[in-house]
Amino acid sequence: MKKTEIDKLITDYPLVKNLINLEEVTWFNPLSTTLEQGLPYVGLTQEDVAEAEARLQRFAPYFCQAFPETQKTQGIIESEIVAIPEMQKTLQQRYNCEITGRLLLKKDSHLPISGSIKARGGIYEVLTHAEKLANQAGLLSETDDYAKLFSEPFREFFGRYRIAVGSTGNLGMSIGIMSAKLGFSVSVHMSADAREWKKKKLREHGVNVVEYEQDYGVAVEQGRKQAESDPDCFFIDDENSQTLFLGYSVAGNRLKQQFAEQNILVDEDHPLFVYLPCGVGGGPGGVAFGLKLAFGDNVHCIFAEPTHSPCMLLGVYTQLHDNISVQDLGIDNITAADGLAVGRASGFVGRAMEHLLDGFYTLSDSEMYDLLGLLALDEGIQLEPSALAGMPGAARVTSSPDYLSKHGFSPEKMKNAIHLVWATGGGMVPAAEMSKYLATAKI
Ligand SMILES: *Cc1c(COP(=O)(O)O)cnc(C)c1O
């Protein structure tokens with residue numbers, strides 16, 4: 001962008017200046033509406049989510065066989081919720097504010113198979129594709145026991161097809177491992193941010209890892225190109241896929257059930273705030289969609305991004321969505337939060353979800369590292385840097401009087417609040433790598 005264009009943008013949208021200065025910002029969304037008003041913009045419905053739930057249920061017997069670690073949840077890939085009361089105290093001190101209600105952590109960081117939130121969307125899209133191919137070939141019907149997919153004949157069948165994806169690491173892990181297990185020939189196009197151990201692990205699974213010195217946008221573009229020239233190659237489009245989005249959305253009803261089991265009440269007087277780390281937007285967008293359908297107007301979703309990669313905040317705030325990248329403003333998109341190192345937001349998610357999101361904020365890399373160290377110290381839970389992005393969310397909310405009064409969140413109501421930090425990755429980080437993360441925290 002030319003300097004004059006940037007200046008014009010700053011005049012119309014003053015917060016852009018703060019983004020360019022890499023300041024930590026918090027922006028509550030004036031476009032947010034009720035679920036009823038916002039839902040039509042999504043273009044997907046409860047029925048679509050129910051279909052995704054049913055598909056994952058059909059595959060459950062397959063998972064029990066192919067990934068025995070999923071047997072304890074009957075072949076369903078789901079994570080637990082834990083309270084983090086010591087961290088809650090630490091956050092109040094650190095941010096000098098009162099966080100009333102309960103602080104909980106959703107441990108998608110410890111999901112089986114790939115140890116990140118991508119075990120929801122990425123795996124779901126591979127399953128959808130596999131089911132379609134097998135159906136079309138007359139090898140599988142929905143009433144079959146899908147355990148039969150875990151067999152040599154099916155692996156040979158899927159071996160005739162290829163899957164490609166571009167990723168900063170975790171999506172590649174989920175899609176790579178899942179695809180290879182089914183028998184597909186799979187290529188993962190990895191951006192420069194991707195960690196070495198993730199590439200190594202994928203190669204051990206027989207995945208073709210293609211490395212780039214550029215960022216996520218380039219890796220995705222190259223993956224797309226490879227697939228275009230090959231009719232048997234299916235490209236999983238993280239920037240636009242509704243299937244990925246639906247895979248994530250299943251989290252909504254699952255969470256509702258977990259809350260019911262733990263007697264955690266969510267209603268008008270017991271608001272639920274959810275803080276979701278955002279990269280391209282599919283993960284947090286899909287989860288937020290599912291949460292909205294499950295909890296209606298009593299859930300409030302807030303996205304968190306690195307100061308160096310605030311693509312979704314930028315896109316929604318300026319209404320330019322995927323027509324602008326952080327690099328257009330001279331922001332470098334270089335962050336330790338590799339899962340969030342995305343310069344241009346999904347064109348689909350921002351437009352679909354902008355009416356159903358309460359807010360956005362950014363935080364620095366050093367903040368993520370410090371929070372990583374503090375969480376490990378206080379609660380003994382170790383995450384990767386991206387997964388800490390949601391941690392300051394409760395403090396941002398409780399320190400924003402205008403937002404609280406706009407939504408009628410009185411001090412009384414906030415005493416009943418549930419603050420849920422979505423931990424998106426880190427469960428499979430090798431010990432040596434984790435030591436480096438912990439050593440970077442200044443606490
Ligand atoms: C991918 C990822 C996210 C964000 O998901 P997007 O779909 O890219 O927005 C958050 N945290 C981690 C650890 C991730 O890998």
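This structure is a prediction, so every number in the text was calculated from the model and none was measured.

1. Remarks on the pattern of salt bridges
Then, in step 1: Enumeration according to the criterion identifies 32 salt bridges in this entry.
Then, in step 2: Residues Lys 3 and Asp 7 are paired through a salt bridge, measuring 2.8 Å at the closest nitrogen-oxygen approach. With Lys 3 and Asp 7 both in helix 1 (residues 3-12), this residue pair falls four residues apart, about one helical turn.
Then, in step 3: Lys 3 sits in the exposed class, given a relative accessible area of 59%.
Then, in step 4: The structure contains a network of salt bridges with shared partners spanning Glu 51, Arg 55, Arg 58, Glu 131 and Glu 142.

2. Description of the site of the ligand
Then, in step 1: In the vicinity of the ligand lie 16 residues, with Lys 118, Asn 170, Gly 281, Gly 283 and Thr 424 positioned nearest.
Then, in step 2: The separation between an oxygen atom of the ligand and a polar main-chain atom of Gly 281 is 2.7 Å.
Then, in step 3: Protein chains bury 98% of the 370 Å² of accessible surface belonging to the ligand in isolation.
Then, in step 4: When atoms are counted within 2 Å of each cavity's grid points, the one that captures over half of the ligand is the largest cavity.
Then, in step 5: Its residues placed into classes, the shell around the ligand shows five nonpolar, nine polar and two charged.

3. What about the UniProt feature "domain: Tryptophan synthase beta chain-like PALP" (unreviewed entry) in the protein?
Then, in step 1: Feature annotation in UniProt places "domain: Tryptophan synthase beta chain-like PALP" (unreviewed entry) on residues 95-396, given in this structure's numbering.
Then, in step 2: As a span, residues 95-396 carries 43% helix and 15% strand, and end to end its C-alpha atoms are 9 Å apart.

4. A word on the UniProt feature "modified residue: N6-(pyridoxal phosphate)lysine" (unreviewed entry) in the protein
Then, in step 1: Residues annotated by UniProt as "modified residue: N6-(pyridoxal phosphate)lysine" (unreviewed entry) correspond here to Lys 118.
Then, in step 2: Summarising the element assignment, Lys 118 is placed in helix 6 (residues 118-136).
Then, in step 3: Classification of Lys 118 by relative accessible area gives buried; the value is 14%.
Then, in step 4: Filtering out sequence-adjacent residues up to four positions away, Lys 118 remains in contact with Ile 123, Asn 170, Leu 171, Ser 174 and Tyr 248.

5. Some remarks on the sheet that holds strand 9 (residues 299-306)
Two pairing modes exist for strands in a sheet, parallel and antiparallel, and in both the strands are linked by backbone hydrogen bonds.
Then, in step 1: An order of 1-10-9-8-11-3-2 is seen for the seven strands of this open sheet, with the pairing classed as mixed. Every other strand in the sheet has two partners, leaving strand 1 (26-28) and strand 2 (81-83) as the edge strands with one partner each. Averaged over all pairs of adjacent strands, the angle between strand axes in this sheet comes to 25°, irrespective of strand direction.
Then, in step 2: Summarising the sheet, strand 2 and strand 3 (residues 102-107) pair through three bridges and their orientation is antiparallel. Pairing of Ile 81 across the sheet is with Lys 106, part of strand 3.
Then, in step 3: Contacts from helix 16 (residues 365-379) reach strand 2, strand 3, strand 9 and strand 10 (359-363) within the one sheet, and its direction differs from that of strand 10 by about 90°.

6. Quick word on the pairing of strand 9
Then, in step 1: Judged by how many residues are buried, strand 9 sits mostly within the fold: eight of eight residues are covered.
Then, in step 2: Neither face of strand 9 is exposed, since Val 299, Cys 301, Phe 303 and Glu 305 on one face and His 300, Ile 302, Ala 304 and Pro 306 on the opposite face are all buried.
Then, in step 3: Pairing of strand 8 (residues 272-277) with strand 9 involves six bridges; the strand directions are parallel. Note that in strand 9 the partner of Tyr 275 across the bridge is Ile 302.
Then, in step 4: With respect to chirality, the unit in which strand 8 leads through helix 13 (residues 282-295) into the neighbouring parallel strand 9 is right-handed.

The rules behind each value
- Residues numbered from 1 in each chain as written.
- Predicted model: local features only at pLDDT ≥ 70, side-chain atom pairs only at ≥ 80, totals over all residues.
- Heavy atoms only, no water.
- Salt bridge = Lys/Arg side-chain N within 4 Å of Asp/Glu carboxyl O.
- Helix = DSSP H or I, 4+ residues; strand = E, 2+ residues; numbered from the N terminus.
- Buried < 20%, exposed > 50% of the residue type's maximum accessible area, 1.4 Å probe, protein only.
- Near = heavy atom within 4 Å.
- Polar contact = N/O pair within 3.5 Å; in protein donor to acceptor, adjacent residues only side chain to side chain.
- Areas by Shrake-Rupley, 256 points an atom, 1.4 Å probe, with all protein chains shown as cover.
- 1 Å grid on protein atoms, 1.4 Å probe; cavity = no way out; pocket = protein on both sides within 12 Å on 5 of 7 lines; lining within 4 Å.
- Sits in = over half its atoms within 2 Å of the grid points.
- Nonpolar A, V, L, I, M, F, W, Y, C, P; charged D, E, K, R; others polar.
- UniProt positions renumbered as here; feature names shortened; annotations may be inferred.
- Contact = heavy atoms within 4.5 Å.
- Pairing = 2+ DSSP bridges.
- Axes fitted to C-alpha atoms, helices over the stretch in contact; angles between N-to-C directions.
- Right-handed = clockwise from strand over helix to strand, strands pointing away.

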